[in-house]
Number of protein chains: 2
Amino acid sequence: MQALIVSDANVDALYGAACEAALRAQGLNARRAVVPAGEASKDLGRAAALCSAAAQAGLDRSSWIAALGGGMVGDLAGFVAAVYLRGVRCLHIPTTLLAMVDSSVGGKTGVNLPEGKNLVGAFHQPQAVAADLDTLETLPEREYLSGLAEVVKYGLIYDAEFFALVERGADTLLLRDKALLETVVSRCCEIKAEIVAADEKERGDLRALLNFGHTLGHALENAEGYGRWLHGEAVAIGMAYALELSCAARGLPRAECERARTLLRKLRLPVRRDGGAALWTALRRAMAADKKTLDHKLRFVLLERIGRAQTGCDVKDNLLAEKWHVCCE
Amino acid sequence: MQALIVSDANVDALYGAACEAALRAQGLNARRAVVPAGEASKDLGRAAALCSAAAQAGLDRSSWIAALGGGMVGDLAGFVAAVYLRGVRCLHIPTTLLAMVDSSVGGKTGVNLPEGKNLVGAFHQPQAVAADLDTLETLPEREYLSGLAEVVKYGLIYDAEFFALVERGADTLLLRDKALLETVVSRCCEIKAEIVAADEKERGDLRALLNFGHTLGHALENAEGYGRWLHGEAVAIGMAYALELSCAARGLPRAECERARTLLRKLRLPVRRDGGAALWTALRRAMAADKKTLDHKLRFVLLERIGRAQTGCDVKDNLLAEKWHVCCE
């Protein structure tokens, strides 16, 4: 049985050979395909080259594509697994905290267009996800912290008790304590799986919960150019913004908003964009162009309490602008 | 609501404006995107350009992609509809007989790789199929006859009574009689829809029925270069070959085999590849590389009687070669 391991140059250098050996030990005829590190590899041209590599390696419908790496590799290789021969089996082997708690679970795959991120993709559930916490030891600090933003998100949107656990364990988490990480990563995957199982293809409103902080977060990445902000950093600012909107429009108590902001700051995540007032027009436009909009109408995920979120919230334009300025002061 | 009509240059010149007007009359904000005619347009580069066109036209998740044309346009535009924003609504407007009876129904979409045809794709059911028989008036004769090959296939694999109807009406069908075509196209779509509904993603053996004649047919297209044979012509030769295998390996009565070959010839379809003996090695290799093989094992659809087919048939290699030579004499 054939397998193609897709990775980026950084991750392949660290774990490619070990991964290939592990799959071979399982009886798979595994080969590796390596793409340059960085978001620029996540496009249809690279997907086409990987599909050709799969064909040349003789992959058939019983074969596997393994995604070894972070979110970029998972999205790209997952997309290749979704469309090569109209779908082959996919194994995610996430090596970043963000990929472990977010992109490796749920079956969303995607590549970018010049017109925007993740505008092309498919829903394709992995057959399995194998997260080895040891790989987090080589993860750069900023990348690790970026993953923690999504961890905080799960507490905020779904599980107040989990939020409190992360709050209590913040210092330990910053030290990458393996025992606590095991609890945290498992719970995040459970929450995401529960949400996705109830609304796999985002037809209802439930899956949209996962977009808390992402409407502004994506717009910020888009308006400032990918590369300035890591995804989790942009989402942290987006969550801080959504928390302000939640206080103003959904009655989230100010004290809960501050608790959440305090935790983000403790985890060394940004909660403001200093000097960002001039960005508003670009952000507003980018939010309207988000693929989750329907007929150009903006919808936000907002909190009523920590652990209780509401999707599909309509917010008045002047409030949107006002609360952005709060996040820039 | 936005719509993007995808067509090729030939079809757009004939029906693009009328189609755009018709969709606008339904309240859709329709635009057209035109690709060059011919199979070469069916690749990931063209799919990427169409996705960009969709983004630039402001298509969101509530929008439509309309495929106006033959099988190439349907496969390409269907694939774009499947992956743009992870799937938007698709309307097929087939303008060839082949597309009306085959590719517009069933949800298979695909593009080609340098390594082979339809190696990339997705299952994505159209929201609707609108077949206007008047468009067949402008269809070149060879293209029309090529579509009839798939018509004959449905009778052979599924419905002996329908086969007899086509047999009786062969002369009338050659004249493109609208009343008979309506009956024939409807019945073909019914048969295909029944088969697909029972096995949408080709996980069982049922959908494989539709591949009758296609194992050799695809190999012939592949080995001789696309362009020499129209799809239906290659399938007609492939069916003649599969009929011979069926007599030898499945007990199909010789008289039924001859009835089927006679009908194909009456519909001016090829049933042999004169001088093709030297192609055998290339054909054998191409059949083994087909994406429907599992672990490189060839499986054929063969007939026990007209109207009764069996999938997953294993045929000995010497018989495969011998019956090819029968088709070349």
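Owing to the predicted nature of the structure, the values given are computational and were not obtained by experimental measurement.

### Comments concerning the overall build of chain A
On a plain count of helices and strands, chain A comes out with 13 helices and nine strands. In terms of overall size, chain A behaves like a compact globule, its C-alpha atoms giving a radius of gyration of 20 Å where 329 residues would be expected to give roughly 20 Å. Across the 329 residues that make up chain A, the buried fraction comes to 61%. Once local pairs closer than 6 in sequence are excluded, the contacts in chain A between residues at least 24 apart make up 75%. Approximately 12,500 Å² of chain A is accessible, and the part contributed by carbon and sulfur atoms is 50%.

### Side note on the relation of the copies chain A and chain B
When chain A is fitted to chain B, the best match, at an RMSD of 0.0 Å, comes from turning it 180 degrees and sliding it 0.0 Å along the axis. As the rotation angle and translation indicate, the two copies are arranged about a two-fold axis. Here 100% of the interface residues in chain A have copies in chain B that are interface residues too; the copies meet face to matching face.

### Side note on the sheet that holds strand β2 (residues 29-35) of chain B
Residue and element names in this part refer to chain B. Here we have five strands laid out as an open sheet, ordered β2-β1-β3-β4-β7, and parallel in their pairing. The open sheet is flanked by β2 and β7 (128-129), the only strands paired with a single partner. Sitting on the sheet, helix α3 (residues 71-83) is in contact with β1 (2-8), β2, β3 (64-69) and β4 (89-94), with an inclination near 170 degrees to β3.

### Comments concerning the confidence of the model for chain A
For chain A, the mean per-residue pLDDT works out to 94, and 98% of the residues sit at or above 70. At the level of chain-chain contacts, confidence expressed as ipTM amounts to 0.89, with global pTM at 0.91.

### Section: helix α1 (residues 9-25) of chain A
Residues and elements named next belong to chain A. With 17 residues, α1 extends 23 Å from end C-alpha to end C-alpha; this agrees with the ideal 24 Å at 1.5 Å per step. The largest bend along α1 measures about 60 degrees and falls at Tyr15. Within α1 the residues assigned to the buried category are Val11, Asp12, Tyr15, Gly16, Cys19, Glu20 and Leu23. Each element contacted by the buried residues of α1 is listed here: β1 (2-8), β2 (29-35), β3 (64-69) and β4 (89-94). For α1, the side-chain oxygen to backbone nitrogen distance between the N-cap and Asn10 is 3.0 Å, and the N-cap itself is Asp8.

### Some points on the pattern of salt bridges
It is possible for side chains bearing opposite charge to pair when their charged atoms get close. If you walk through the whole model with that rule in mind, you get 64 salt bridges over all chains. In this structure, A:Glu202 and A:Lys108 form a salt bridge, with 2.9 Å as the shortest nitrogen-oxygen distance. Pair noted here: A:Glu202 is in the loop between α8 (178-198) and α9 (214-224) and A:Lys108 is in strand β5 (residues 108-113), with a separation of 94 residues, a long-range link. According to the relative accessible area criterion, A:Glu202 is buried, its value standing at 11%. Judged by its relative accessible area of 18%, A:Lys108 is buried. The salt bridge partner of B:Arg305 is B:Glu256, with a shortest N-O separation of 2.7 Å. On the criterion of sequence distance, the pair formed by B:Arg305 in strand β8 (residues 300-305) and B:Glu256 in helix α11 (residues 254-266) is long-range, its members being 49 residues apart. A relative accessible area of 11% places B:Glu256 in the buried class. Here the salt bridges share partners, and the residues they tie into one network are A:Glu39, A:Lys42, A:Asp75, A:Lys117 and A:Glu221.

Definitions and limits used
- Residues numbered from 1 in each chain as written.
- Chains lettered and ligands numbered in written order.
- Predicted model: local features only at pLDDT ≥ 70, side-chain atom pairs only at ≥ 80, totals over all residues.
- Heavy atoms only, no water.
- Helix = DSSP H or I, 4+ residues; strand = E, 2+ residues; numbered from the N terminus.
- Rg over C-alpha atoms; globule rule 2.2 N^0.38 Å.
- Buried < 20%, exposed > 50% of the residue type's maximum accessible area, 1.4 Å probe, protein only.
- Contact = heavy atoms within 4.5 Å.
- Areas by Shrake-Rupley, 256 points an atom, 1.4 Å probe, with all protein chains shown as cover.
- Least-squares fit on C-alpha atoms with pLDDT ≥ 70 in both.
- Pairing = 2+ DSSP bridges.
- Axes fitted to C-alpha atoms, helices over the stretch in contact; angles between N-to-C directions.
- pLDDT = per-residue confidence, 0-100.
- Expected span 1.5 Å × (residues − 1).
- Bend = angle between axes of the 7 residues up to and from the residue.
- Polar contact = N/O pair within 3.5 Å; in protein donor to acceptor, adjacent residues only side chain to side chain.
- Salt bridge = Lys/Arg side-chain N within 4 Å of Asp/Glu carboxyl O.

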